[in-house]
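Single-letter residue listing:
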Amino acid sequence: MDHEGQFRRAALALGLPDDEVGRFVQHLRLSVRLSGGVGGVPVGQFGGLPRLPVGMDWPTDGVSPLPFIFSVDCAALPRVDGSGLPADGSLLFFLNHEQAAATGERRYGRVVYVPAGADTEVATASSDDTFVGEQYDVSATLRAEFPGWFGVDENDDDEEDDDDLSPVQQQVARDLEGDLPHLDELCALANDLWPPSSEYVSAWLGGYADENVIQNFAEQTLAWREKTGEIVIPVAKWYSQVELETHRLTSEWVSLARFPVDNELYYRSVGSFVIRHDDLAAGRLDEALPVAELNP
């Protein structure tokens, strides 16, 4: 479906300027929301045993099996222009959340792409089934997402206080007032077309990568460039440079998958896979990076 065209037609019907709509859709991203127990056509499976290509071993971290989180049938997902997600086949996500959070090593997470038409079979679990969760089906809907510097909370349609934005984000927000004077109306329209949800969500595919993750990438990038002598950043300007680099990298990275993780000690834990737009579009899913957060 032409979601950009759908949004543009709805915006023009409200009398919003066409040039402003064009600038706005450059920042608007749609993510696929996966939810269980809400009806709809199943598009994926959480927990249980995955279907792997015949002859493929269960993915491991080199020592132990990786917990299977979920799989999706890409052909059954709502199509989002420019998302980069495969048009068909299946995506399977494996993540050892605690080890990934403790070490930051990418070997504790893996994304497996199974091409359409490949011969598959239900994987066999070992006697240790701690890496096999409760199985249930999920259906899909779309939601609108905006970058953090819009100052919009996508969960309740209310604007965030300016104090919640970094200095760089506040400056970008001020610049937006000139470029997008109808920002509030445009965001409200996007949320009307692809609304947020108060129901429990099993996962999101696509959309913006978590800002803390991108900021970490920015810090690592700048630190490496300093170490190699490419740049020199005065201590007093370090934070602002990190913010500028975070702003730049936000356009390069996308959230491949983001999902809450059950944990007795960390009830707000989150697991995710992030990937560069270019790698996703080229099908280089092995470049996806696992990220785990332990939030008490």
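For every chain, the first residue of its written sequence is number 1, and the numbers climb from 1 along that sequence. Totals for whole chains, interfaces and linings use every residue, but because this is a predicted model, local features are given only for residues with pLDDT of at least 70 and side-chain atom pairs only at 80 or more, for both listing and counting. Side-chain metrics rest on all non-hydrogen atoms present in the structure, leaving aside hydrogens and water.

With that settled, consider the overall build of the chain. Strands here mean DSSP runs of E at least two residues long; helices mean DSSP runs of H or I at least four residues long; both are numbered from the N terminus. Each helix and strand counted, the chain has eight helices and 12 strands in total. When each of the 296 residues of the chain is scored for burial, the buried share is 44%. Of the contacts formed within the chain by residues at least 6 apart in sequence, a portion of 71% connects residues at least 24 apart. Accessible surface computed for the chain: about 15,300 Å², of which carbon and sulfur atoms make up 48%. Only protein chains enter the accessibility calculation, which uses a 1.4 Å probe; a residue is then buried when its area is under 20% of its type maximum, exposed when over 50%, and partly exposed in between. In this analysis, two residues are considered to be in contact whenever any of their non-hydrogen atoms come within 4.5 Å of each other. We get accessible surface area from the Shrake-Rupley algorithm with a probe of 1.4 Å; when it comes to residues, only the shown protein chains can shield them.

On to the side chain of Thr246. By the secondary structure assignment, Thr246 is in helix H7 (residues 238–250). Ignoring any residue separated from it by four or fewer positions in sequence, one finds Thr246 in contact with Glu211, Ile214, Gln215 and Ala218.

What follows is about the confidence of the model for the chain. Per residue, pLDDT measures the predictor's confidence, with a range of 0 to 100. With 89% of its residues at a pLDDT of 70 or more, the chain has an overall mean of 87. A low-confidence stretch, residues 154–160 stays under pLDDT 50, and its non-local contacts, those more than four residues away or across chains, total 18 contacts.

General note: in soluble globular proteins, nonpolar side chains tend to be found buried as a group. Core analysis: the largest hydrophobic core is formed by 54 residues, its most contacted members being Phe7, Phe24, Leu34, Phe70, Phe93, Leu205 and Leu256. If we ignore the near neighbours within four places in the chain, the residues touching Leu205 are Ser31, Val32, Leu34, Phe70, Val72, Leu77, Leu85, Phe93, Ser255, Leu256 and Ala257. Judged by nonpolar contacts, the second largest core, of 13 residues, contains Ile214, Val242, Leu249 and Val291. Nonpolar cores are built from buried Ala, Val, Leu, Ile, Met, Phe, Trp, Tyr and Cys residues. Side-chain atoms within 4.5 Å join them into one set.

Another point: the pairing of strand S1 (residues 29–35). Within S1, seven of the seven residues are buried, which leaves the element mostly enclosed by the surrounding structure. Both faces of S1 are covered, namely the face carrying Arg29, Ser31, Arg33 and Ser35 and the face carrying Leu30, Val32 and Leu34. In this structure, S1 lies alongside strand S8 (residues 136–145), joined through seven bridges in antiparallel fashion. The residue bridging Leu30 from the neighbouring strand is Ala144, located in S8. For two strands to be treated as a pair, DSSP must find no fewer than two bridges joining them. As judged from the three bridges shared by S1 and strand S9 (residues 203–205), these two strands associate in the antiparallel manner. For Val32, the partnering residue across the bridge sits in S9 and is Leu205.

Next up on the list: the packing of helix H1 (residues 3–13) against helix H2 (residues 18–25). Where H1 contacts H2, the two axes come as close as 10 Å, and the packing angle between them is 145°. Crossing of H1 over H2 shows right-handed handedness. Where H1 approaches H2, its residues Glu4, Phe7, Arg8, Ala11 and Leu12 are matched on the opposing element by Asp18, Val21, Gly22, Phe24 and Val25. Residues are grouped as follows: nonpolar covers Ala, Val, Leu, Ile, Met, Phe, Trp, Tyr, Cys and Pro; charged covers Asp, Glu, Lys and Arg; every other residue, Gly included, is treated as polar. In terms of residue class, the contact of H1 with H2 is made up of six nonpolar, one polar and three charged. Axes, fitted as lines to C-alpha atoms, cover a helix only where it is in contact. Angles between the N-to-C directions of the axes lie from 0 to 180 degrees. By the definition used in this description, the sense in which the near helix is turned from the far one sets the handedness, with an anticlockwise turn below a right angle giving left-handed and a clockwise turn giving right-handed.

With that settled, the discussion passes to the packing of H2 against helix H5 (residues 183–193). Two measures define how a pair of helices packs: the angle their axes make with one another and the distance between the axes. Running from amino to carboxyl end, H2 crosses H5 at an angle of 60°, the nearest separation of the two axes being 11 Å. Classified by the angle their axes make, H2 and H5 are oblique. The handedness of the crossing between H2 and H5 comes out as right-handed. Seen from H2, the contacting residues are Glu20, Val21 and Phe24; seen from H5, they are Leu183, Leu186 and Cys187. Roughly parallel means an angle under 35 degrees; roughly antiparallel means over 145; roughly perpendicular covers 65 to 115; every other angle is labelled oblique.

Salt bridges are counted wherever a side-chain nitrogen of Lys or Arg sits within 4 Å of a carboxyl oxygen of Asp or Glu. Enumeration over the complete set of coordinates arrives at 11 salt bridges. Of the charged contacts in the structure, one is a salt bridge between Arg8 and Glu4, with a shortest N-O distance of 3.7 Å. One end of the pair is Arg8 and the other is Glu4, both in helix H1 and four residues apart, which spans about a single turn. A network of salt bridges, in which partner residues are shared, links Glu245, Arg248, Glu252 and Arg276.

For the rest of this paragraph, the subject is the packing of aromatic side chains. The pairing test for Phe, Tyr and Trp rings, Trp by its six-membered ring, is centres within 6.5 Å, and the orientation test on the planes gives stacked under 30 degrees, edge-to-face over 60, and tilted for anything in between. All chains considered together, the criterion is met by 12 aromatic pairs. Aromatic pair Phe46 and Tyr136: ring centres 5.5 Å apart, planes at 15°, arrangement stacked. In this pair, Phe46 is assigned in strand S2 (residues 44–46) and Tyr136 in strand S8, connecting sequence segments 90 residues apart. Residue Tyr136 is classed as partly exposed on the basis of its relative accessible area of 30%. On the basis of an interplanar angle of 75° and a centroid distance of 5.9 Å, the ring pair of Phe70 and Phe259 is categorised as edge-to-face. Here Phe70 is found in strand S4 (residues 68–73), whereas its partner Phe259 is found in strand S10 (residues 253–260), with 189 residues between them in sequence. Given the relative accessible area of 0%, Phe259 is considered buried. Connected via pairs of aromatic rings, a cluster forms that spans Phe46, Phe70, Phe93, Tyr136, Phe259 and Phe273. Criterion for a charge above a ring: Arg CZ or Lys NZ at most 6 Å from the ring centre, at most 35 degrees from the ring normal. Between the NZ or CZ atom of Arg29 and the centre of the ring of Tyr208, over which it lies, the distance is 3.9 Å.

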